[in-house]
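A look at the structure
Residue strings, one per chain:
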Amino acid sequence: VPAQLAVASSSAEATLPSAVVSVAAPDAEPTAPVSAANIELVRPVAAPACESYGTAVEFLSRPADAARQAVQEDKLLFVLHVSGNFEDAKFT
Amino acid sequence: VNALANAEVGKYLNEHFVSSFQKVATFRIANGQKQGGNVASYFCTPDNRVLHIIAGPVDAATMLREARWVVEAQKLALLDSGGDETRFREAMRHAHADRLRREHRFDVAAAKGKGRRLNNQGRVHLLLAAAPLAKVEQVYKLVFEKVLGEQVSASPVVEARQ
């Protein structure tokens, strides 16, 4: 609260600001009508992409991403340790 | 990996787990035949502490049974522990020791069954009864090399020339 507006406890009177400063309004531009076309939505941070690699299970390729997501979604973590490249059925 | 193509397994895992994978070893392809290679499935808390492991490939029914067991076992352990870390660890130790006793006739507490040759799942229960909630990085070499008999390696898959 600005000092000038504070109520003095002894006199129970409010004092007004000593000056009134006028502030120019910004140059007003004619505003375009609001439509879906001119609303830019804030994009959410992209979640790591899931892939199933020919299975019925959705996998994140990085265990660290999976761990983060498990915390967010209050789930457990399932990590497959494989020989070869899981992404390529020929090499798994 | 074939078990993971099963729709029921997929539905259950997607509902209860966030899944990922890690290459930890390699294999050779000679004359079109795969030599070596294996898989270990880890069921963990979000901070990478191991609740359960399936060592080696299994069918869909086994994958589903083990996934359901670990979900229920950890829920019961959470209930029993009342949020206490030490009691949660003890409850998971007890869960593995119990399966070891019932399914593999190996009693950790009484040291009964000592000398008995355990299969891969028996070894997993023994490991997790001895070291419940170990971090994945603390046990994965042991699981891949001592339980599955594979060498941990970052080498690429080698296709042998004919």
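In case you missed it, the structure is sitting above this.
The text that follows walks through the structure, step by step, so that each part is easy to find. Everything numeric in this text was worked out from a predicted model, so none of it was measured.

Conventions adopted
- Residues numbered from 1 in each chain as written.
- Chains lettered and ligands numbered in written order.
- Predicted model: local features only at pLDDT ≥ 70, side-chain atom pairs only at ≥ 80, totals over all residues.
- Heavy atoms only, no water.
- Salt bridge = Lys/Arg side-chain N within 4 Å of Asp/Glu carboxyl O.
- Buried < 20%, exposed > 50% of the residue type's maximum accessible area, 1.4 Å probe, protein only.
- Contact = heavy atoms within 4.5 Å.
- Buried area = accessible area lost by both parts, 1.4 Å probe.
- Polar contact = N/O pair within 3.5 Å; in protein donor to acceptor, adjacent residues only side chain to side chain.
- Helix = DSSP H or I, 4+ residues; strand = E, 2+ residues; numbered from the N terminus.
- Nonpolar A, V, L, I, M, F, W, Y, C, P; charged D, E, K, R; others polar.
- Pairing = 2+ DSSP bridges.

1. Here's the deal with the pattern of salt bridges
Residue and element names in this part refer to chain A. Following the criterion strictly, the structure yields 15 salt bridges over all chains and no others. Linking Asp65 and Arg62 is a salt bridge whose minimum nitrogen-to-oxygen distance equals 3.1 Å. The buried category is assigned to Asp65, whose relative accessible area is 13%. Since its relative accessible area comes to 45%, Arg62 is described here as partly exposed.

2. Looking at the interface of chain A and chain B
Between chain A and chain B, the contact holds 33 residues from the first and 43 residues from the second. Considering only the side of chain A, the residues that lose the most area to chain B are Leu76(A), Phe78(A) and His81(A), jointly responsible for 27% of the buried surface there. Where chain A touches chain B, the interface holds zero salt bridges. The interface formed by chain A and chain B contains 18 residue pairs in polar contact (both at pLDDT 80 or more). Contributions of two or more residues to the side of chain A that touches chain B are made by β2 (59–60), α1 (63–73) and β3 (76–83) of chain A. Element by element, the count of residues in the side of chain A that touches chain B is highest for β3(A), at eight residues. The residue inventory of the side of chain A that touches chain B, partitioned by class, reads 18 nonpolar, nine polar and six charged. Alignment of β3(A) against strand β4 (residues 39–44) of chain B, held across six bridges, turns out to be antiparallel.

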